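# Structure at a glance
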Amino acid sequence: MIFITAKFRVRPEHADQWPEITADFTEATRREPGCLWFDWSRSVTDPTEYVLVEAFRDDEAGAAHVQSAHFKAAQQTLPPHLVETPRIVNANVPQDDWSLLGEMAVPEQE
């Protein structure tokens, strides 16, 4: 899978509305057949920073994502709300879901 994490620094006056600003893009991406997940989180230390964790089945799914109409629309509509160009980590990972964090294993609950 393609595993991507991106950090978005949102203009302070738009930070509280960021989930609504990105809602159409987020929902359209989640409907893509090759999207495994597409999840936003807000930093607990910087209220203007949002982190996007996303994964796509394979290179073809990733290519389909960046060529989609909703991605092209987001390229136009999202940057005006940002302080700077988002930062990204993008890696191909030989798995298709989250792995368990064995070092923090939780005993089974009865």
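Residues numbered from 1 in each chain as written. Predicted model: local features only at pLDDT ≥ 70, side-chain atom pairs only at ≥ 80, totals over all residues. Heavy atoms only, no water.

This part takes up the nonpolar core. If you look at the biggest cluster of nonpolar residues, it comprises 18 residues, and the most contacted ones within it are F8, V10, W18, F38 and W40. Broken down by secondary-structure element, the contributors of at least two residues to this core are β1 (2–9), β2 (35–42) and β3 (49–56). Per element, the largest residue contribution to this core is four residues, and it comes from β1. When sequence neighbours within four positions are dropped, the list of residues in contact with F38 reads F25, T26, T29, R30, L52, V53, E54 and H65. Grouped together as the second largest cluster of nonpolar side chains are five residues, M1, W37, V51 and A55 included. (Core = buried A, V, L, I, M, F, W, Y, C linked by side-chain atoms within 4.5 Å. Buried < 20%, exposed > 50% of the residue type's maximum accessible area, 1.4 Å probe, protein only. Helix = DSSP H or I, 4+ residues; strand = E, 2+ residues; numbered from the N terminus. Contact = heavy atoms within 4.5 Å.)

What follows is about the environment of T77. By the secondary structure assignment, T77 is in helix α4 (residues 69–77). In this structure, the C-alpha to C-alpha distance between T77 and I21, residues 56 residues apart in sequence, is 8.7 Å.

For the rest of this paragraph, the subject is the sheet that holds strand β4 (residues 87–92). The four strands are arranged β2-β3-β1-β4 in an open sheet whose pairing can be described as antiparallel. Two strands lie at the open edges of the sheet, namely β2 and β4, each paired on one side alone. Here the strands of the sheet are splayed against their neighbours by 10° on average, with no regard to which way each runs. Here β1 pairs with β4 via six bridges, running antiparallel. What sits directly across from I2, in β4, is N92. Against the sheet, helix α2 (residues 23–30) touches β2 and β3, its axis set at about 155° to β2. (Pairing = 2+ DSSP bridges. Axes fitted to C-alpha atoms, helices over the stretch in contact; angles between N-to-C directions.)

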